[in-house]
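Notes for the structure review
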Amino acid sequence: MPGLLRGVARTAVVAGTATAVSNRVSRRQQGRWAQQEYQEAPPQPAPAAPLPPTAPSADDMSSRIDQLKQLGELKAQGVLTEAEFEEQKRRILG
């Protein structure tokens, strides 16, 4: 009977060790895959800040100029890309 218990205990230890090693390998591999996906994903551009709507008035041209100045400042700060700047400019002038 002691030989049987010793064999069962040895089997349990081997099986437990194999399970622990297998789980650790799986976690490491999943971490590598997640890191690889993160590095391959393109960076998401920041959304453009909405401009306040223009109110039709006698000062319409000066308000458009002010909006264009604000756009230029946002572009200079790096908040807006060239394409976003052009789109907003077209909306103001169009």
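Residues numbered from 1 in each chain as written. Predicted model: local features only at pLDDT ≥ 70, side-chain atom pairs only at ≥ 80, totals over all residues. Heavy atoms only, no water.

**A few points about the overall build of the chain**
Across its full length, the chain carries 3 helices and 0 strands. Across the 94 residues of the chain, 10% fall into the buried class. Here the chain has roughly 8,000 Å² of accessible surface; of this, 59% comes from carbon and sulfur atoms. (Helix = DSSP H or I, 4+ residues; strand = E, 2+ residues; numbered from the N terminus. Buried < 20%, exposed > 50% of the residue type's maximum accessible area, 1.4 Å probe, protein only. Areas by Shrake-Rupley, 256 points an atom, 1.4 Å probe, with all protein chains shown as cover.)

**Points about the pattern of salt bridges**
Any two side chains of opposite charge can pair, given that their charged atoms come close. In total, this model carries 3 salt bridges according to the counting rule given. Measuring nitrogen to oxygen at the nearest pair gives 2.7 Å for the salt bridge that ties Glu-82 to Lys-75. Of the residues examined, Glu-82 reaches a relative accessible area of 43% and is grouped as partly exposed. Look at Lys-75 and you get partly exposed, because its relative accessible area is 31%. Ionic pairing is found between Lys-89 and Glu-86, a salt bridge with its closest N-O pair at 3.5 Å. (Salt bridge = Lys/Arg side-chain N within 4 Å of Asp/Glu carboxyl O.)

**Thoughts on the packing of aromatic side chains**
Counting across every chain of the model gives 0 aromatic pairs. The ring of Phe-85 is capped by Lys-75, whose NZ or CZ atom sits 4.8 Å from the centre of that ring. (Phe/Tyr/Trp six-rings, centres within 6.5 Å; stacked < 30°, edge-to-face > 60°. Lys NZ or Arg CZ within 6 Å of the ring centre and 35° of its normal.)

**Thoughts on the packing of helix α2 (residues 60-77) against helix α3 (residues 82-93)**
How two helices sit against one another is set out by the angle between their axes and by the gap between those axes. Packing of α2 against α3 leaves a shortest axis separation of 10 Å and a crossing angle of 175 degrees. Judged on the interaxial angle alone, α3 and α2 are roughly antiparallel. Between α2 and α3, the residues in contact are Arg-64, Gln-67, Leu-68, Leu-71, Gly-72 and Lys-75 and Glu-82, Phe-85, Gln-88, Lys-89, Ile-92 and Leu-93, respectively. (Axes fitted to C-alpha atoms, helices over the stretch in contact; angles between N-to-C directions. Parallel < 35°, antiparallel > 145°, perpendicular 65-115°, else oblique. Contact = heavy atoms within 4.5 Å.)

So far we have only geometry, and geometry alone does not tell us how the molecule works.
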